[in-house]
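Fold and geometry: a report
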Amino acid sequence: MSREKTGYQKITPKAIYLLAAPHSWAPASIIPVLFASVLALGTGAFSVPMFYVLLIAAVLMHSAVNSLNDYYDFIHGTDTLENSPERDDAVLVYNSFEPRTVRLVGVCYLLTALALGAYVVCVTNYVPLVIGFIGTVTVLAYSAGPQPLSYMPLGEFASGVVMGILLPFAVFAALTGDMYWHMFYLCLPLMLGICLIMLTNNTCDIERDGTVGRKTLPMLLGRSKARIMHRVFMLSWIGAVIVLSITNFRDGWFILPLGLVAGWQSVKSLIAARLTPAHRGQHMRDIFTTNLLINGTYVLCAMVAGFLRSAHY
């Protein structure tokens, strides 16, 4: 059937790129990979080519989540012209692309990530296989199925645990061949930062989610209580970064004040945020910026500590 008969536009490379939501890559997939890689570097077991394979696989898996979520939000009527002022965050709403084509883009991202994951498993160990399986199930369950995770009060924690804890755990295992169980508490700041991205988004979207029967955590709590939880998470996140940096990366903790000062304005803005739909775009930019500055500083503390430690020997 021709494009003229269907009325659909041909999807463009720019649209494929925007569906992947590249502005979200750094805090949710790149920083977790970098953190695990910094810790792996300190063991002396590190492969630069494997690092790039793991990084690309993580970004592709994240792109699959974003693309499929856009597709299902459009199909379910969650995203509309009235409630989606950010054009780059609602590609299907502002373009006449065939929805099945967008779904295919998400599936292609996922299959490419799985192909890279299969290579990693072949040359390393079974740990990335297990975590890759969990990640794949989470990707599919997040937006698809009769009861998607994004429609339940589990989305924030599912994304935080998978991207913030399991992903770095798998990366470390792939790079070193060892399972580093301390990763489960060292990655707490990464998990909290990613949870906060979802909590910020879902609190701003309470009204929109309510129209399609979405039962997110903020939806169940209401905006007032969700804002209190948001602030508790923010303070817990900052506290975790400070405590873990000082106790585990003490040779690099002097970097910490610089990052906290750099991120103070965005932290203050988020603590005071009303988290309403009208300010959603600004709040999301603030939480992405804060993640880059705070968790980026945490990674830098670990890197400097590892470098100074190796220089002593």
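What comes next concerns the included structure. What you see is a predicted model, and the numbers here were worked out from it, not measured in a lab.

**Quick word on the layout of surface pockets**
Estimated volume of the largest pocket: approximately 940 Å³. In terms of lining, the largest pocket is formed by 48 residues, of which the most central are Asn66, Asn69, Met198, Asn201 and Arg280. Taken together, the elements giving at least two residues each to the lining of the largest pocket come down to helix H2 (13-19), helix H3 (25-41), helix H4 (48-75), helix H7 (127-143), helix H8 (155-176), helix H10 (188-204), helix H11 (206-211) and helix H15 (280-312). The class makeup of the residues in the lining of the largest pocket is 20 nonpolar, 15 polar and 13 charged.

**Re unusual backbone geometry**
Not every positive phi belongs to a glycine, and Ala21 is a case in point at roughly 50°. Among the structural elements, Ala21 can be located in the loop between H2 and H3. For Leu275, which is not glycine, the phi torsion reads 55° and is therefore positive. Relative to the assigned elements, Leu275 resides in the loop between helix H14 (256-272) and H15. Residue classification places Leu275 among the buried positions, given a relative accessible area of 0%.

**Observations regarding the pattern of salt bridges**
All told, the structure shown has six salt bridges when counted by the stated rule. Of the charged contacts, one joins Arg280 and Asp205 as a salt bridge, the two residues approaching to 3.2 Å between their closest N and O atoms. Here Arg280 is found in helix H15, whereas its partner Asp205 is found in the loop between H10 and H11, with 75 residues between them in sequence. Across this residue pair, the class does not change: Arg280 and Asp205 are buried. Asp209 is the partner of Arg214 in a salt bridge, and the nearest nitrogen-oxygen pair spans 3.4 Å. Several salt bridges converge on common partners, so that one network encompasses Asp73, Asp209 and Arg214.

**So, the state of the cysteines**
Here, the word disulfide means a covalent bond between the sulfur atoms of two cysteines. Following the criterion strictly, the structure yields zero disulfides and no others. Free of any disulfide, Cys301 has its nearest neighbouring cysteine sulfur in Cys187, separated by 15 Å. By relative accessible area, Cys301 is classed as buried at 0%.

About the thresholds
- Residues numbered from 1 in each chain as written.
- Predicted model: local features only at pLDDT ≥ 70, side-chain atom pairs only at ≥ 80, totals over all residues.
- Heavy atoms only, no water.
- 1 Å grid on protein atoms, 1.4 Å probe; cavity = no way out; pocket = protein on both sides within 12 Å on 5 of 7 lines; lining within 4 Å.
- Points joined across faces, edges and corners; volume = space filled by probe spheres on them.
- Helix = DSSP H or I, 4+ residues; strand = E, 2+ residues; numbered from the N terminus.
- Nonpolar A, V, L, I, M, F, W, Y, C, P; charged D, E, K, R; others polar.
- Buried < 20%, exposed > 50% of the residue type's maximum accessible area, 1.4 Å probe, protein only.
- Salt bridge = Lys/Arg side-chain N within 4 Å of Asp/Glu carboxyl O.
- Disulfide = S-S within 2.5 Å.

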